[in-house]
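# Breakdown of the fold
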Amino acid sequence: MVKTSIVDYIYEKIGHPRKLAAISVEEIINSIKETLANGENIQIVGFGRFNLRKKNERTGRDPATGEEITISARQVLTFKPSRQLKDAVLRRVRNKNKFRCNNNIKP
Amino acid sequence: MTKAELVDKVSQKIDLNRKETEVIVNSFFDCITQALSDGKKVELRGFGGFRVKKRKPRTGRNPKSGEKVTVPEKNVPFFKAGKELRNLVNKS
């Protein structure tokens, strides 16, 4: 799924001009990006949290040459899904299995 | 930043009241959740991608009794930041 599908979904839900839905999606993404760029974490209740983590400098190896190299200190982004999101994704397995059992249809 | 703050920020940018903006923001995250629960990938250019990773069934142990238990196969949501976002975050 790509951005336009989300735009369509919002458009159907709110009935505002489609252009507004498109701008909204863009601005949601931009706002999240700006906040993360400022070094602030984001928590969306019912969805998950975007956490920034600092990584120290460490030595690694170039997998191609085997040479030792220093990996500089950096900041990385991690996403921790909320319970609701985890459950929504997890339920799919159960539903699929149920479907398979009841109908004898290959998935 | 919380969702309420995100709604405020977006509301100012798109010039729409808070209540209606909240519906839009909620729809945005609901839509991603639904797609993932259908097993679809969600790709947001310039931001990153959400997808579902499959975890194989495994035998674990009940830490209390030490009994062996089978943990069934499960799906977990996963996010990977895009190149642009990774660089943006690393600079800050």
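The coordinates are above.
Not measured: the values here are computed from a predicted model.

### Regarding the overall build of chain B
Within chain B, the secondary structure is distributed over three helices and five strands. Judged by the C-alpha coordinates and their principal axes, chain B covers about 60 × 30 × 25 Å. Scored against the burial criterion, the 92 residues of chain B give a buried share of 38%. Residue pairs in contact within chain B that sit at least 24 positions apart in sequence constitute 25% of those at least 6 positions apart. Carbon and sulfur atoms make up 47% of the accessible area of chain B, which amounts to about 5800 Å² in all. Within chain B, the 11 negative side-chain charges are centred at a point lying 13 Å from the centre of the 22 positive side-chain charges.

### Examining the sheet that holds strand 1 (residues 42-44) of chain A
Residues and elements named next belong to chain A. Read from one edge to the other, the open sheet built from three strands follows the order 1-2-5, with strand pairing classed as antiparallel. Looking at which strands have only one partner, the edges of the open sheet turn out to be strand 1 and strand 5 (74-81). Each strand axis lies, on average, 25 degrees off the axis of its neighbour in the sheet, ignoring direction. The pairing of strand 2 (residues 48-55) with strand 5 spans eight bridges and is classified as antiparallel.

### Let's talk about the packing of aromatic side chains
Here the structure, examined in full by the defined rule, presents twelve aromatic pairs over all chains. Each ring, one from Phe79(A) and one from Phe79(B), has its centre 5.9 Å from the other, and the planes form 65 degrees; the classification is edge-to-face. Of the two residues, Phe79(A) sits in strand 5 while Phe79(B) sits in strand 5 (residues 74-81), which places them in two different chains. The class of Phe79(A) is buried, set by a relative accessible area of 13%. Judged by its relative accessible area of 8%, Phe79(B) falls in the buried class. Among the aromatic side chains, those forming a connected cluster through ring pairs are Phe47(A), Phe50(A), Phe79(A), Phe28(B), Phe29(B), Phe47(B), Phe50(B) and Phe79(B). In this structure, Lys53(B) is placed above the aromatic ring of Phe78(B), and the distance from its NZ or CZ to the ring centre is 3.9 Å.

### Overview of the pairing of strand 2 of chain A
All names here are of chain A. Inspection of the sheet shows strand 1 paired to strand 2 by three bridges, in the antiparallel sense. Counted as the bridge partner of Ile44 is Gly48 from strand 2. In this antiparallel pair of consecutive strands, strand 1 and strand 2, the connection spans three residues, and Gly46 shows a positive phi of 90 degrees.

### With respect to the interface of chain A and chain B
Listed by partner, the interface residues are 48 residues for chain A and 50 residues for chain B. Interface of chain A and chain B: buried area, both sides summed, is about 4500 Å²; carbon and sulfur atoms make up 70% of it. Put simply, chain A and chain B have four salt bridges between them. With a closest N to O distance of 3.2 Å, Lys13(B) and Glu34(A) form a salt bridge. At the junction of chain A and chain B, the tally comes to eleven residue pairs in polar contact (both at pLDDT 80 or more). When contributions to the side of chain A that touches chain B are tallied by element, the ones reaching two or more residues are helix 1 (3-14), helix 2 (18-37), strand 1, strand 2, strand 5 and helix 3 (83-103) of chain A. If you tally residues by element for the side of chain A that touches chain B, the top one is helix 2 of chain A, at 14 residues. Partitioned by chemical class, the residues of the side of chain A that touches chain B number 29 nonpolar, nine polar and ten charged.

Cut-offs used in this document
- Residues numbered from 1 in each chain as written.
- Chains lettered and ligands numbered in written order.
- Predicted model: local features only at pLDDT ≥ 70, side-chain atom pairs only at ≥ 80, totals over all residues.
- Heavy atoms only, no water.
- Helix = DSSP H or I, 4+ residues; strand = E, 2+ residues; numbered from the N terminus.
- Buried < 20%, exposed > 50% of the residue type's maximum accessible area, 1.4 Å probe, protein only.
- Contact = heavy atoms within 4.5 Å.
- Areas by Shrake-Rupley, 256 points an atom, 1.4 Å probe, with all protein chains shown as cover.
- Lys, Arg positive; Asp, Glu negative; His and termini not counted.
- Charge placed at Lys NZ, Arg CZ, Asp CG, Glu CD.
- Pairing = 2+ DSSP bridges.
- Axes fitted to C-alpha atoms, helices over the stretch in contact; angles between N-to-C directions.
- Phe/Tyr/Trp six-rings, centres within 6.5 Å; stacked < 30°, edge-to-face > 60°.
- Lys NZ or Arg CZ within 6 Å of the ring centre and 35° of its normal.
- Buried area = accessible area lost by both parts, 1.4 Å probe.
- Salt bridge = Lys/Arg side-chain N within 4 Å of Asp/Glu carboxyl O.
- Polar contact = N/O pair within 3.5 Å; in protein donor to acceptor, adjacent residues only side chain to side chain.
- Nonpolar A, V, L, I, M, F, W, Y, C, P; charged D, E, K, R; others polar.

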